[in-house]
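# Chains, contacts and geometry: an overview
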Amino acid sequence: MTNKERTELQNEIVRGLPKFPHGRLVLAPRVGKTRIAIELIKKSKPKSILWVTPSPKLAEEDIPIEFETWKAKSYLKKLQTSTWASLHKVTGKFDMIILDEDHWITENNAVNLLNGTLTGSILAMTGTATAHYDKNMMYQNLKLKVLYRISVNYAVEIGLLSNYNIKVITVELNSTDKTIRGGNKEVSFLTTEKANYDYLDRIAQQAIFSKKNVQFRILARRRA
């Protein structure tokens, strides 16, 4: 795919979305998520923008440079940036909130989005779609449906990406050494990685079935 064809693909996505879109763009690498988001900002003409990104360098240097590159310099004075690690400190109302690499979302960093002290039209973007139940529950709670999807396989088909191989390396949980502390403050004991994970998995499944403390139990299992 040529640069001209990629630009037309980006423009097609922008044309197909309304002003102030609320939802997710799940787009393979090299599609050009940043330019698409900036073009949607130019289309929507927001008075205030919050852009959330993984690293301080992206937030403080790279994103402002992208605004200049894509002829959106006039929006820099309306732009506030934050890292995912600092998002829990941000409150208020923004016309547009850009969640860059939205697979970074957690219950802790998105607390103000979830409790309503940080509001706005949310455009979430990722090239790495997650199957984690807790993250997908947060997308659902924030009403973030997928607005446009280009999978890695489709990106290979249309020539955006080269073909690829995936190598999966598995590691067994330790079922011999008792190195994990279980129990509570009153009664604690040492157990193995496997026994601890099996217990947390069983508790998580029970929570899903009963629909009680689901996110908490699944997060505990994921940490293990």
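See the structure printed just above.
This write-up is about the structure you can find in this document. Each chain has its residues counted from 1, following the order in which its sequence is written. Local features are withheld for residues below a pLDDT of 70 in this predicted model, meaning they are given only at 70 or higher, and side-chain atom pairs are given and counted only at 80 or more; totals for whole chains, interfaces and linings count all residues. With hydrogens and water set aside, each side-chain value is computed from the structure's full complement of heavy atoms.

## Thoughts on the overall build of the protein
To qualify as a helix, a DSSP run of H or I must reach at least 4 residues; to qualify as a strand, a run of E must reach at least 2; elements of each kind are numbered from the N terminus. Secondary structure summary: the protein contains eight helices and eight strands in total. Considering only C-alpha atoms, the protein reaches an extent of 60 × 45 × 35 Å along its principal axes. The rule is simple: take the accessible area with a 1.4 Å probe, protein chains only, and divide by the maximum for that residue type; under 20% is buried, over 50% is exposed, in between is partly exposed. The buried share of the protein, taken over its 224 residues, is 39%. Contacts are assigned to residue pairs that have any heavy atoms within 4.5 Å of one another. Contacts in the protein between residues far apart in sequence, at least 24 positions, make up 67% of those at least 6 positions apart. With the model as given, the accessible surface of the protein reaches about 13,600 Å², and the carbon-plus-sulfur share is 52%. Here the protein contributes 35 positive and 22 negative side-chain charges, whose respective centroids are spaced 6 Å apart. Only the protein chains shown count as cover for residues, and the accessible areas themselves come from Shrake-Rupley with a 1.4 Å probe. We score Asp and Glu as negative and Lys and Arg as positive, and we do not count His or the chain ends. Working definition for charges: the position is that of NZ of Lys, CZ of Arg, CG of Asp or CD of Glu.

## Some details on the packing of aromatic side chains
Pairing of aromatic rings covers Phe, Tyr and Trp, the last counted by its six-membered ring, and requires centre-to-centre distances within 6.5 Å; plane angles under 30 degrees mean stacked, over 60 mean edge-to-face, and any other angle means tilted. For the structure on display, the rule yields one aromatic pair. Plain terms: the ring middles of Trp51 and Phe67 are 5.7 Å apart, the flat faces sit at 70° to each other, and that makes the pair edge-to-face. With Trp51 in strand S2 (residues 49-53) and Phe67 in helix H3 (residues 56-69), this residue pair connects regions lying 16 residues apart in the sequence. When its relative accessible area of 0% is taken as the criterion, Phe67 is described as buried. Here, over-ring charges are defined by two tests on the NZ atom of lysine or the CZ atom of arginine: distance to the ring centre within 6 Å, and angle to the ring normal within 35 degrees. Cation over ring: Arg24 sits above Tyr139, and NZ or CZ is 3.8 Å from the ring centre. One Lys or Arg, Arg35, reaches over the ring of Trp70 and ends 5.4 Å from the middle of that ring.

## Some thoughts on the pairing of strand S4 (residues 92-100)
Remark: a regular strand shows side chains that alternate across the two faces of the sheet. Two strands pair if DSSP finds at least two bridges between them. Of the pairings in the sheet, the one linking S2 to S4 comprises four bridges and is parallel in character. Paired with Ile49 across the strands is Met96, a residue of S4. Here S4 pairs with strand S5 (residues 118-126) via seven bridges, running parallel. Bridge pairing links Gly92 to Leu118 in S5.

## Here's the deal with unusual backbone geometry
In this model, Glu101 sits at a positive phi of 55°, which is unusual for a non-glycine residue. Assignment of secondary structure puts Glu101 in the loop between S4 and helix H4 (111-115). Given the relative accessible area of 23%, Glu101 is considered partly exposed. Of note in the backbone geometry, Asn213 takes a positive phi value of approximately 55° without being a glycine. As for its placement among the helices and strands, Asn213 is situated in the loop between helix H7 (193-210) and helix H8 (214-223). Asn213 sits in the exposed class, given a relative accessible area of 52%.

## Some points on the sheet that holds strand S1 (residues 23-27)
If you walk across this open sheet you meet the six strands as S3-S2-S4-S5-S1-S6, and the pairing is parallel. Only two strands of the sheet have a single partner each, and these edge strands are strand S3 (79-83) and strand S6 (146-150). With direction set aside, neighbouring strand axes in the sheet form an average angle of 15°. Bridging between S1 and S6 involves four bridges; their strand directions are parallel. The partner of Leu25 across the bridge, within S6, is Tyr148. Taken strand by strand, H3 contacts S2, S3 and S4, and its axis lies near 145° from that of S3. Axis definition: a line fit to C-alpha positions, over the contact stretch in the case of helices; interaxial angles, taken between N-to-C directions, run 0 to 180 degrees.

## Some details on a nonpolar patch on the surface
Every patch collects residues that have over 30% relative accessible area and no salt bridge, joining them within 9 Å if they carry like charges and within 5 Å if they are nonpolar side chains (Val, Leu, Ile, Met, Phe, Trp, Tyr). A pairing counts as a salt bridge when a side-chain nitrogen of Lys or Arg comes within 4 Å of a carboxyl oxygen of Asp or Glu. A cluster of nonpolar side chains, contributed by Val152, Tyr164, Ile166 and Val168, occupies part of the molecular surface with about 390 Å² of accessible area. In this structure, Tyr164 sits in the loop between helix H6 (152-157) and strand S7 (180-183). Overall, Tyr164 belongs to the partly exposed group, its relative accessible area being 35%.

## Some thoughts on the nonpolar core
Ranked by size, the top nonpolar core spans 28 residues in total, and within it Val31, Ile36, Ile41, Trp51, Phe67 and Ile98 carry the most contacts. Among the elements that make up this core, the one with the highest residue count is helix H2 (residues 33-44) (five residues). With residues near it in sequence (within four places) discarded, Val31 still touches Arg6, Gln10, Ile13, Ile36, Ile150 and Leu160. Phe94, Ala110, Ile122 and Met138 belong to the second-largest nonpolar core, a separate cluster that totals 18 residues. Only buried residues count toward a nonpolar core. Its members are Ala, Val, Leu, Ile, Met, Phe, Trp, Tyr and Cys residues joined through side-chain atoms within 4.5 Å.

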